[in-house]
Every structure is written in C-alpha cells, then in structure tokens.
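One-letter residues, chain by chain:
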Amino acid sequence: IISGVIVTLSLAVAFSSAHLYGIRRFLQEQENLRQQRELIELRLVIADQIRLLIPKVIAKRIERLVAEAGLGVNSAVSRALQPEQKEVVCLYSDIRGYTRAVEQSDDYLRQAAIPELLAMNRIIDDLDGVPRKIGDLLFAYFDQPNQRKNALTGFFAAMNLALMCQKVNQSTEMPSIRRYFLLVSGSAWVGNMGGNDSSVEITALGSPVNLAARLDELTKCPEFQNAVQTGDIVLSNHMHGMLQEQVPKLFTTEINLPNLGLVVRDFPQVRQLWAVRPSQAMVDRLRTDNRGWLS
C-alpha cells in the first residue's frame with residue numbers, strides 16, 4: 001500500500017510538473033507571438049511613415065526590389081537611395097514676386113501658394129517624377145532609363161502644372177501666382193545626398209540642375225519677360241530637340257538671348273532657348289498619342 005501511494009504521488013507530481021511546464025510553455029509562446037505581432041505592426045507603421053516621407057516613385061522601387069529581387073527592406077532602401085549618375089530631365093519653377101505677395105497679404109500662402117504647391121507635387125508624383133520642395137521653389141527630376149520618355153513625361157508634367165497654376169489664379173482673389181516652367185536635360189547624380197546617418201535628402205546634382213537655376217535667374221529680367229508670357233514652358237536646346245522628334249507640330253517660339261542682351265551666368269555658351277505656350281489641347285493630344293507612357 002505504501003509503495004502504491006508513493007508511486008501514485010510520484011505520478012501525480014510528475015503529471016503536475018508536466019502540466020505546469022506545458023502551461024508555462026504555452027504562455028511563453030503566446031508572449032512571443034504578441035511580441036512578434038507588435039514588431040510587425042511597428043514595422044508596418046515605420047514603412048507607412050517612410051512611404052509618406054519619400055517620393056512615390058522611390059517607394060515603388062523599394063517595393064520592387066523586395067518583391068522581385070528578393071532583397072530585405074534595409075538592403076532595398078539602401079539600393080534605391082544609393083546615389084548614381086543618370087540621364088535626367090529637370091523641371092524648375094519659382095514664383096516671381098513671391099516675397100512681396102506674402103508681405104501684402106497674410107492669406108496669400110493659405111489660399112494660393114500652398115494649395116498650388118500641394119497640387120503640383122501630386123502631379124509630379126503621379127507621373128513618377130521625384131519632387132523636391134524648397135520654399136516656393138518647385139524642383140523635380142525624371143530619371144527613368146529611357147531619356148526620351150523622361151523628356152516627354154517632363155514636358156507633359158510642365159503642361160499640367162502650368163494649366164493647374166492658371167486654375168488656382170482664377171479661383172482666388174489673391175495676387176496671381178507668376179511662374180515660368182524650365183525644362184533642362186543632361187547627366188546628373190541622383191539619390192540620397194543626406195547620408196545614412198542623417199535625414200534623407202533625395203535630390204539631383206549636376207550641370208542640368210545648375211543650368212535650370214541659372215535660367216530661372218533670367219526670368220527676373222524685364223528683357224526676358226517681354227519675350228515670353230507668364231506660365232510659358234522654357235526649353236533648353238537639347239530638350240527642344242528631343243521633343244520635336246516625339247511631338248508632331250510642336251509650336252515653339254525661339255528666344256535669342258544675345259538679341260535680348262542677356263547672358264546665362266556660368267553658361268555663356270547657351271545662346272538660344274525655346275518657349276511653349278501651355279494649352280489643354282496639347283495636354284489631351286500628348287495623352288492620346290502616348291497612352292503607354294502618360295497617364
């Protein structure tokens with residue numbers, strides 16, 4: 001009887017210990033699952049925040065590298081943001097008379113400039129451009145592998161931006177937003193210039209960016225303003241050539257800088273530019289003729 005009791009007690013203790021171990025293991029597994037869920041949720045939140053902070057086309061490239069190349073998220077981000085030299089088309093536009101307009105009306109920013117900038121950035125994002133915001137300055141670049149496509153997309157974007165600016169001016173009693181839209185093509189370094197240990201700064205550096213900035217200086221000159229209309233799209237020679245090959249019956253106006261007594265700072269060899277007047281008819285024709293490239 002004593003032996004039986006001892007055996008029974010031993011089995012009971014063993015069963016109880018096993019049961020407690022099972023409970024502890026189950027609870028530990030549940031805790032591990034909870035931590036994993038929280039980690040996944042945290043990563044999703046971070047991913048959403050990153051997606052908000054980087055241009056839409058860069059986010060698409062990161063997702064493609066993860067899905068198609070099998071890279072981890074960190075590796076994909078690093079690869080997508082790595083600076084590299086590419087053929088690009090740069091779009092540059094600054095508001096003329098911005099400082100005075102802001103000083104004259106407190107509502108100018110809220111009712112005109114800010115809504116316009118937000119709408120412009122959406123247009124560029126939707127066309128897979130990379131926008132960069134610097135105050136009232138709108139700068140963007142298009143860096144797809146096909147430079148002819150970049151030229152067409154950049155031109156299509158500029159057309160839409162110019163027409164949208166007109167609509168903003170018509171919808172408010174604020175001082176008109178006066179812009180010119182400059183398009184320049186060439187080789188530049190693009191990617192994250194902020195470094196891995198500082199804030200991300202996705203931008204382009206190089207000759208076409210510098211030329212676009214110098215051309216913007218010309219738009220402040222009365223001689224230049226007399227030769228074009230506010231809202232015109234101004235093309236460099238190379239941009240003009242690429243568009244003529246792709247856009248039939250492209251009507252342009254020549255801007256002969258020496259005849260105007262103007263010289264492009266740091267680019268004295270640039271003596272000729274071309275202006276295009278934006279129109280809804282041109283936007284519709286570009287969309288119809290290039291359905292595979294333009295949305």
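Here, the structure is the one placed above.
None of the values given here were measured: they were computed from a predicted structure. (Residues numbered from 1 in each chain as written. Predicted model: local features only at pLDDT ≥ 70, side-chain atom pairs only at ≥ 80, totals over all residues. Heavy atoms only, no water.)

Asker: Sorry, what's going on with the overall build of the protein here?
Answerer: A tally of regular secondary structure across the protein gives 11 helices and 8 strands. A burial count over the protein gives 42% of its 295 residues as buried. Counting only contacts in the protein whose residues sit at least 6 apart along the sequence, the fraction spanning at least 24 positions is 73%. For the protein, the computed accessible surface area is about 16,700 Å², with 54% contributed by carbon and sulfur atoms. (Helix = DSSP H or I, 4+ residues; strand = E, 2+ residues; numbered from the N terminus. Buried < 20%, exposed > 50% of the residue type's maximum accessible area, 1.4 Å probe, protein only. Contact = heavy atoms within 4.5 Å. Areas by Shrake-Rupley, 256 points an atom, 1.4 Å probe, with all protein chains shown as cover.)

Asker: Even after reading the chapter, I still don't get the side chain of Asp232, so can you show me in this structure?
Answerer: As for its placement among the helices and strands, Asp232 is situated in the loop between α8 (222-227) and β6 (233-235). Within the structure, the side chain of Asp232 is placed 2.9 Å from the backbone nitrogen of Gln229, a separation counted as a polar contact. For Asp232, the side chain forms a polar contact with the side chain of Arg277, separated by 2.7 Å. The contacts of Asp232, once residues within four sequence positions are left out, are Arg179, Tyr180, Phe181, Ala275, Val276, Arg277 and Pro278. (Polar contact = N/O pair within 3.5 Å; in protein donor to acceptor, adjacent residues only side chain to side chain.)

Asker: Even after reading the chapter, I still don't get helix α7 (residues 207-218), so can you show me in this structure?
Answerer: An α-helical segment advances 3.6 residues per turn. Residues three or four places apart therefore align on the same side. Taking 1.5 Å per residue, 12 residues should reach 16 Å; α7 reaches 17 Å between its end C-alpha atoms and fits that length. Burial analysis of α7 places 9 of its 12 residues in the buried class, which makes it a mostly covered element. Listing the buried residues of α7 in full gives Pro208, Val209, Leu211, Ala212, Ala213, Arg214, Leu215, Asp216 and Leu218. (Expected span 1.5 Å × (residues − 1).)

Asker: Just to check I follow, could you spell out the pattern of salt bridges for this structure?
Answerer: A side chain with one charge can pair with a side chain of the opposite charge if their charged atoms come near. Applying the stated criterion to the full structure yields 16 salt bridges. The salt bridge partner of Glu84 is Lys86, with a shortest N-O separation of 3.8 Å. Given the relative accessible area of 37%, Glu84 is considered partly exposed. Put simply, Asp216 and Arg96 hold a salt bridge, and the shortest N to O gap is 3.1 Å. Here Asp216 is found in helix α7, whereas its partner Arg96 is found in the loop between β1 (84-93) and α4 (98-104), with 120 residues between them in sequence. (Salt bridge = Lys/Arg side-chain N within 4 Å of Asp/Glu carboxyl O.)

Asker: Can you help me understand helix α11 (residues 280-289) in this one?
Answerer: Buried residues of α11: Met282, Val283 and Leu286, and no others. Buried residues of α11, seen end-on, are gathered within an arc of 100° and therefore sit on one face of the element. Among the structural elements, α6 (147-170) are those in contact with the buried residues of α11. (Arc of directions from axis to C-beta.)

Asker: I tried to follow the nonpolar core on my own but got confused; where do I start?
Answerer: Generally speaking, a soluble globular protein has its nonpolar side chains buried in company with each other. Residues Leu91, Phe155, Leu183, Ile233 and Leu235 are the most contacted members of the largest nonpolar core, which totals 45 residues. A per-element tally of this core places α6 first, with 13 residues. Those residues in contact with Leu91, other than ones at most four positions away along the chain, are Leu138, Phe139, Ala140, Phe142, Gly154, Ala157, Ala158, Leu161, Phe181, Leu182 and Leu183. Counting residues in hydrophobic clusters, the runner-up holds 40 residues, among them Val88, Leu218, Val234 and Phe267. (Core = buried A, V, L, I, M, F, W, Y, C linked by side-chain atoms within 4.5 Å.)

Asker: I'm lost on the side chain of Thr219 in this one. Help?
Answerer: Of note, Thr219 is situated in the loop between α7 and α8. Its relative accessible area of 0% is what places Thr219 among the buried residues. Of the polar contacts made by the side chain of Thr219, one reaches the side chain of Arg96; its length is 2.8 Å. Beyond its immediate sequence surroundings of up to four residues, Thr219 is in contact with Arg96, Tyr180, Leu182, Phe224 and Gln225.

Asker: Explain the packing of aromatic side chains to me, please; I cannot follow it from the model alone.
Answerer: Any aromatic ring pair is given by two values, namely how distant the centres are and how the planes are angled relative to each other. Under the criterion given, the structure shown has 2 aromatic pairs. Taking 6.2 Å as the distance between ring centres and 65° as the angle between the ring planes, the aromatic pair formed by Tyr92 and Phe139 counts as edge-to-face. Within this pair, whereas Tyr92 is found in strand β1, its partner Phe139 is found in strand β3 (residues 137-142), the two being separated by 47 residues in sequence. Relative accessible area serves as the criterion here: at 12%, Tyr92 is assigned to the buried category. The exposure class of Phe139 is buried, given its relative accessible area of 3%. Ring centres of Tyr180 and Phe224 lie 6.2 Å apart, and the angle between their planes is 85°; on these two criteria the pair is classed as edge-to-face. (Phe/Tyr/Trp six-rings, centres within 6.5 Å; stacked < 30°, edge-to-face > 60°.)

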